[in-house]
Each structure stands twice: as structure tokens, then as C-alpha cells.
Amino acid sequence: MTAIETEDKEMRLYGIGASPGICIGKAYLVGKEGVDVIKKYHIAESRLQNEVNRFKIAVEKAKKELQGIIENIPQELREHAYILETHMVLFKDKLLYEKTIETIENEHINAEWALKKVVSNLKAMFHNIQDSYLKERVDDIVHVSERIMLNLVGAETVNIADIDKRVILVAHDLSPADTSQIQLEKIMGFITDRGGRASHTGIIARSLEIPAVMGLDNVTAIIKNDDIIIVDGTSGIVIVHPTEDTLKDYFRRKINYEAYQESINRDGHLLAETVDGFSVQVMANIELSEEIASVIDHGGDGIGLYRTEFQYLSSAFFPSEDELFEKYKAVVEAIAPKPVVIRTLDINGDKAIADTSEFDETNPALGLRAIRYCLKNPDVFKTQLRAILRATAFGNVRILFPMISTCEEVREARRILDEAADSLEKEGVVFKRNIEVGIMIEVPSAVIMADVLAQYVDFFSIGTNDLIQYSLAIDRDNKDVAHLYHPLNPAILRMVKHVADVAREKGIKVYMCGEMAGDPIHIPILLGLEMVELSMNPQAIPAVKSMIRALKVEDARRLMKDILKQTDVKDVLKLLQDNYGTIISEKMYTE
Ligand code: PEP
Ligand code: MG
């Protein structure tokens, strides 16, 4: 070992696990070459036009490069092409293009410096703005400007598609354009300074099924090209310069994980029935119709949550009824006769929509989100409801209303649903009128009012992601309070039990579609509460099914009594460990 190598101590970095799995390999830094060493210099009056032309040529070149990327996007990622198409328009955005030319001319400075100045002014301008749509647009402008900058400074644009060795990508921020070029035989996984699970990039990583850790803050400043790194996308850990022992340990975990994945995937199609004969439907949560293949591959018993926001977030205009209908029909037909629970728009909160003017909210999570937005914009709502109703003719559809906090909201939502159905009937459109209608239980007031709410609906679907956020007052995206965010918090367990009991008493069904349902460690509790339907990300299905098959509902019921007596998360965990530790550890690759 050289002196330098011995100084390279093992280092662990903690980020957000955006896509599960483990990869071990050499780091490959992408994206910023040349850009950090930009110099400012004066441009004489006589050279100004030349400098502007140099900028224009760089823009044209960048446009061509992006066009090439769009044309070569692999079929399975075509859905993401629209993001790049929006980037094409941004090359000539006033705030970027015209402003840079103006800055070159007015300040007599070189194009690189002018572009850098324009972009940092833009970032500063939007820094304090809460509106996440606008923030995303600035991110898009930054991606576009980086591409122009690489051409201006003459640096080689790293084309991910051209990488010809097996590496792990390390980047400040991978744009959707970068991610869409990933070739599975070359890229083992990726890690980024920025981003989170819900970003487009995270979504693509999960559809590619490669490990990814995001939101690592300054990983690009720490890791150098060719450093050996371990990426654990399940736990969100990156290990730089691993010791021999760590490497051995992670190779073992990787092998175990892959063997485990393979074995449970093989059994993914088996029924989820406990040893004593209690059956659970294990369904999938999806955002895109493209995920259907993954649902089928992983043995999903249907789609328990179809989040419909994506179509609205990805375009500057609201989709038409026909566009929505085509998407819903594709999903419903592909899964039929298994059920598809289509959730109506849950926009705003952390998922802001295109129309920005009215959404400068201080507390978006407590703002005009989901059903509140829909009831305030009945035309938008009715358009979606008509599209969903039309899709009912092609399979087994249920409708789910998100973020219900009052009885009036359910009554009003059902009234608009009736109006949508009446209008279709009048037009002679074929659809099923008597489909099941349910509400998300994800706000504490809905838990407390569950007995009254039950009379208006056919089912409850418990959304623990928001229920935890709203009950424990923890922003689900804030990593500083993430240690408090726990589904096993006794308050959450009591709420879930209350909802399950009320539903049973009132004779309606109760399901769970929050992330709590997708973790095998929670399964004894959910069985103890006799949840008959659980919905989760498709990759989690085989592990959950396999856990259910190893348990007895009778034991789980008994354990639930003890669990409900606990006051602390750690005591609940201990009970689970004491009773199911062996089964859980056999099923966890980390042990
Ligand atoms: C939830 O809140 O638990 C849920 C499933 O909805 P989302 O994650 O889309 O808010
Ligand atoms: Mg929710």
C-alpha cells in the first residue's frame, strides 16, 4: 500500500435510500468537469458580437446534444422523455438566454461568466420561495445552463451512455436526462449530493432496479474518480475506502441480498396466506402506468394505490379527460380482473402543480392539498372523475379520495362523483356506476370521526405516511426530525387499531397503503389487526408475502394485546424482536 492509500480511512456517509440493493465498485464522477474553474475576463466592444455568437453556438450545440439524448431514450424509459422535452424549451428561456446575452453586452464580460452570474442570480431570487413548482423550474434551468456551460468551456460533456466500464456514478445532481441514459450493463448504481426518494431520478432508479443513495450533501467533494465505494441503497449508506473487513462483510450482504431477492421473487406469485389460513391481498402502489410490468413480475394481487398526480405534475397544462382515460384504461385492463384503486388527485403539499399563482403557501402540507384542491376546482375534479368512471368499463376499479379531514368533504366529493356519473349516463357512455368508493385515513380528525365517515364509504385505506406526519407533527421530508418518524409509535398503532375496529364494526373494509405496510417487520402487527389488504411499492411485495406465509394470525392477535400496552417505540420493537426475531432475521439480508 502507498502512503496515500493508508491515509484513506474508511468513511461512512448517510443519505436517503432512493432505490434498494447493494453495489460495490469504482466511483465515476460525472457532470461538473471544467465548470468549477470559470474565469471572468473583459470583452472589448469590437469582440462583443463574437462573444454573443460563441454563446449562441454553445446553446445550439447543447440543444442538439439533448435532442440526440431524447431520440435515443430506451423504450422502457420513454415515459420520462417529456421532462427532457421541457428542457428543450428552456434553452431559449428569457430568464436564461436573453438575460445572458444582455449581461455579456452590458457588462462586457465573457459568456461563461455572464451565464454563471445569470444562473446564480436566478437561484438567489428563488432561494426563499416556498413554491416547489417554481423551485423545480429553477432546477430545470440549472440543468440546461450546465449543459450550455460545458460547451462554452469546451469541457468534454460526460455522456453517460458512452461510459465503457462498470462503475458507480457519483454526481452533484443527476438530471432525468442523465439517468435516462443509464445502461444497466455499465452502471451498477449511483449516488448524488442532491435529490430525494420522490425525485424523478429516484423514480427512474427504482424502475431500473439499481441501488441509489441521494441527498448526501457533499459526496462529490469527498469521493474521487476510481475510489472504491459501497452503496447500500436499502439503508441509504455509502462507504468510501472500505476496509478489507467491510468489503468482505458487504460482499456477503450483497450475495445474501441477491439470493434472498431471487428466492422471494420466485415465490412472489404464491398466495399470501398465513400458516393458519388467513389470506391477505398484497397489492402494489404505483405512480406510472409503466410500473404495471413490475407489479406483475413481483406477484402483486392488484393495485392498491394508483397515485394519479404524476400526469398533472409533468406538464404545464392539465391533462384532458381523454388523456387521463387512456392512462387509467391501460392500467385497469392490464391488471383485470384484479382490482385497481385509483386515488383522485393528491396535488400540492409536497407535490405542487403547474398553476403556481395561488400556491404560495407557508405550510403546503396543511394547505390547499388533495381533496381540498379538488373541491375548490370542481371542473378539474370532475374531469378526472369522468375519466376514472369511463375506465371502470375495462376492469375492476375502486375510487379513493385522499386527505379527507371532514364529513362534508366526503359528502361533497360523492356529490361531484354522482354529477360526473350522471353526465356520462346522459351521454350514453358505458361505465359501471356501482363501484366501491373509499377514503384515505391519513389525518387525525378522520381517525376520530371514522365511525361517522364509515357510513359514506365502502372502504378505508390507511395512509400511514401522512398519518404519522400529521399526528406526530413531523414533516415527512425533513431529515432532522426523521428519527421521530416511526410507524411503531404507540399513538400510531392505537390509531390504526381504532380505524380497523371501527371499520369491522360498521361492516366496511379496511386496507393499508402507507409505507408501513411494505416492511416485513410490521406484518405481525398488521396481521394482528386483521388487515385483509396491504399495498406497497412493487419491489416490497415478495418479502411481505413471504413474511405472511411464515406467521400465524392467532399468534399475531395475541401479541397485539401486549403491543398495545407499550408506551415507547423501542418496547414495541423489542416485543417484535423477541417474538419474531428469528423469522425476521432469516428474512433480512442485513443480518
Ligand atoms: C400516505 O400518506 O400514507 C399515502 C399512501 O399517500 P402519499 O404517500 O401519496 O401521501
Ligand atoms: Mg398521503
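Keep in mind the model is a prediction, meaning the values are calculated, not measured. (Residues numbered from 1 in each chain as written. Chains lettered and ligands numbered in written order. Predicted model: local features only at pLDDT ≥ 70, side-chain atom pairs only at ≥ 80, totals over all residues. Heavy atoms only, no water.)

**Student:** Sorry, what's going on with the overall build of the protein here?
**Tutor:** Per the secondary structure count, the protein includes 24 helices and 17 strands. The buried share of the protein, taken over its 591 residues, is 54%. Accessible area of the protein: about 26,000 Å², with a carbon and sulfur share of 52%. (Helix = DSSP H or I, 4+ residues; strand = E, 2+ residues; numbered from the N terminus. Buried < 20%, exposed > 50% of the residue type's maximum accessible area, 1.4 Å probe, protein only. Areas by Shrake-Rupley, 256 points an atom, 1.4 Å probe, with all protein chains shown as cover.)

**Student:** What should I look at first to understand the packing of helix H4 (residues 94–107) against helix H5 (residues 111–127) in this one?
**Tutor:** Any two packed helices are characterised by the angle at which their axes cross and by the distance between the axes. Following both chains from N to C, one finds H4 and H5 inclined at 125°, their axes separated by 9 Å at the closest point. When the axis of H4 is compared with that of H5, the two are oblique. By crossing handedness, the relation of H4 to H5 is classed as right-handed. For the pair H4 and H5, contact is made by Leu95, Leu96, Lys99, Thr100, Thr103, Ile104 and Glu107 and by Ala111, Ala114, Leu115, Lys117, Val118, Val119 and Leu122, respectively. (Axes fitted to C-alpha atoms, helices over the stretch in contact; angles between N-to-C directions. Parallel < 35°, antiparallel > 145°, perpendicular 65-115°, else oblique. Left-handed = near helix turned anticlockwise from the far one by under 90°. Contact = heavy atoms within 4.5 Å.)

**Student:** Looking at this structure, how should I read the site of ligand 1?
**Tutor:** In the vicinity of ligand 1, 15 residues are found, and the nearest of them are Arg307, Arg343, Gly463, Asn465 and Arg476. Between an oxygen atom of ligand 1 and a side-chain N or O atom of Arg343, the distance comes to 2.8 Å. A distance of 3.3 Å separates an oxygen atom of ligand 1 from a polar atom in the side chain of Arg369. For ligand 1, whose unbound accessible area comes to 290 Å², protein coverage reaches 99%. Taking a 2 Å distance to the grid points as the criterion, the majority of the atoms of ligand 1 fall inside the largest cavity. Elements represented by at least two residues in the shell around ligand 1 include exactly strand E11 (303–307) and helix H19 (464–472). Looking at the shell around ligand 1, the element that brings in the most residues is H19, giving 3 residues. Classifying every residue of the shell around ligand 1 by side-chain character gives 3 nonpolar, 4 polar and 8 charged. (Near = heavy atom within 4 Å. Polar contact = N/O pair within 3.5 Å; in protein donor to acceptor, adjacent residues only side chain to side chain. 1 Å grid on protein atoms, 1.4 Å probe; cavity = no way out; pocket = protein on both sides within 12 Å on 5 of 7 lines; lining within 4 Å. Sits in = over half its atoms within 2 Å of the grid points. Nonpolar A, V, L, I, M, F, W, Y, C, P; charged D, E, K, R; others polar.)

**Student:** Just checking my understanding: could you explain the sheet that holds strand E8 (residues 237–240) for this structure?
**Tutor:** Strand-to-strand pairing in sheets goes through backbone hydrogen bonds, with the strands running parallel or antiparallel. Spatial ordering of the open sheet is given by E1-E8-E7-E3-E4-E5-E6-E2, a layout of 8 strands whose pairing is mixed. The strands lining the two open edges of the sheet, one partner per strand, are strand E1 (11–14) and strand E2 (16–19). Across the sheet, the axes of successive neighbouring strands diverge by a mean angle of 30°, strand direction being ignored. Judged from the 4 bridges that link them, E1 and E8 form a sheet pairing that is antiparallel. By the bridge assignment for E8, Tyr14 is matched with Ile237. Relative to the sheet, helix H10 (residues 244–266) contacts E1, strand E3 (22–30), strand E7 (228–232) and E8, its axis offset from that of E3 by approximately 110°. (Pairing = 2+ DSSP bridges.)

**Student:** How do you make sense of the pairing of E3 when you look at a structure like this?
**Tutor:** Side-chain direction in a regular strand flips from residue to residue, so the side chains alternate between the two faces of the sheet. Counting buried residues along E3, 7 of its 9 residues qualify, which places the element largely inside the surrounding structure. Pairing of E3 with E7 involves 5 bridges; the strand directions are antiparallel. Counted as the bridge partner of Ile22 is Asp232 from E7. As defined by bridge partners, E3 adjoins strand E4 (residues 167–171) across 4 bridges and the pair is classed as parallel. The residue bridging Ala27 from the neighbouring strand is Ile168, located in E4.

**Student:** Is there a simple way to explain the pattern of salt bridges in this structure?
**Tutor:** Between side chains of opposite charge, a pair can form when the charged atoms approach closely. Throughout the structure, instances matching the rule amount to 39 salt bridges. A salt bridge links Glu112 to Arg54; its shortest N-O distance comes to 2.7 Å. One end of the pair, Glu112, is in helix H5; the other, Arg54, is in helix H2 (residues 48–71), with 58 residues separating them in the sequence. Arg54 sits in the partly exposed class, given a relative accessible area of 27%. The partner of Asp346 in a salt bridge is Arg369, and the shortest N-O contact between them spans 2.9 Å. Taken together, the residues span a long stretch of sequence, with Asp346 in the loop between strand E12 (339–343) and helix H14 (370–376) and Arg369 in the loop between E12 and H14 at a distance of 23 residues. One exposure class covers both Asp346 and Arg369, and it is buried. Shared partners join several salt bridges into a network, and the residues in it are Glu309, Arg343, Asp346, Arg369 and Asp466. (Salt bridge = Lys/Arg side-chain N within 4 Å of Asp/Glu carboxyl O.)

**Student:** So what exactly am I meant to see when it comes to the nonpolar core here?
**Tutor:** Generally speaking, soluble globular proteins have nonpolar side chains that are buried together. Formed by 97 residues in total, the largest nonpolar core has its most connected members in Phe401, Phe460, Ile525 and Leu534. Beyond its immediate sequence surroundings of up to four residues, Leu534 is in contact with Val280, Gln281, Val282, Met283, Met512, Ala517, Ile523, Leu526 and Val544. In this structure, Val52, Val59, Ile69 and Leu152 belong to the second largest nonpolar core, which totals 34 residues. (Core = buried A, V, L, I, M, F, W, Y, C linked by side-chain atoms within 4.5 Å.)

**Student:** Teacher, can you tell me more about empty space enclosed by the protein here?
**Tutor:** As enumerated under the stated definition, the model contains 2 cavities of 30 Å³ or more in all. The computed volume of the largest cavity comes to approximately 80 Å³. Around the largest cavity sit 15 residues that line it, and Arg307, Arg343, Asn465, Asp466 and Arg476 are the ones nearest its centre. It is H19 that provides the largest number of residues to the lining of the largest cavity, a total of 3 residues. The residue makeup of the lining of the largest cavity, split by class, is 3 nonpolar, 4 polar and 8 charged. Quantified by volume, the second largest cavity comes out at close to 70 Å³. Together, 11 residues line the second largest cavity, and Glu287, Leu288, Tyr306, Gln311 and Lys327 are the ones closest to its centre. Listing elements by their share of the lining of the second largest cavity, those giving two or more residues are E11 and helix H12 (310–313). Looking at the lining of the second largest cavity residue by residue, the class counts come to 3 nonpolar, 3 polar and 5 charged. (Points joined across faces, edges and corners; volume = space filled by probe spheres on them.)

**Student:** So what exactly am I meant to see when it comes to the coordination of the magnesium ion (ligand 2) here?
**Tutor:** Six octahedral donors around a metal ideally sit at 90 or 180 degrees from one another, while four tetrahedral donors ideally sit at 109.5 degrees. Protein ligation of the magnesium ion (ligand 2) involves Glu442 (OE) and Asp466 (OD), the donor distances falling in the range 2.0 to 2.2 Å. Residue Glu442 is found in the loop between strand E14 (436–441) and helix H17 (444–448), and its partner Asp466 is found in helix H19; the two are separated by 24 residues along the sequence. On the basis of relative accessible area, Glu442 is assigned to the buried category, the value being 2%. Among the residues examined, Asp466 registers a relative accessible area of 2% and is labelled buried. (Donors = N, O, S within 2.8 Å, 3.2 Å for Na, K, Ca; no water.)

**Student:** Which parts of the structure should I look at to understand the confidence of the model for the protein?
**Tutor:** Do not read the predicted coordinates in detail wherever pLDDT is low. A residue-level look at the protein finds 89% of positions with pLDDT of 70 or above and a mean pLDDT of 87. Counting contacts from residues 1–6, a segment whose pLDDT is below 50, to residues more than four positions away or on other chains yields 1 contact. Counted against residues more than four places away or in other chains, residues 354–358, with its pLDDT under 50, gives 8 contacts. (pLDDT = per-residue confidence, 0-100.)

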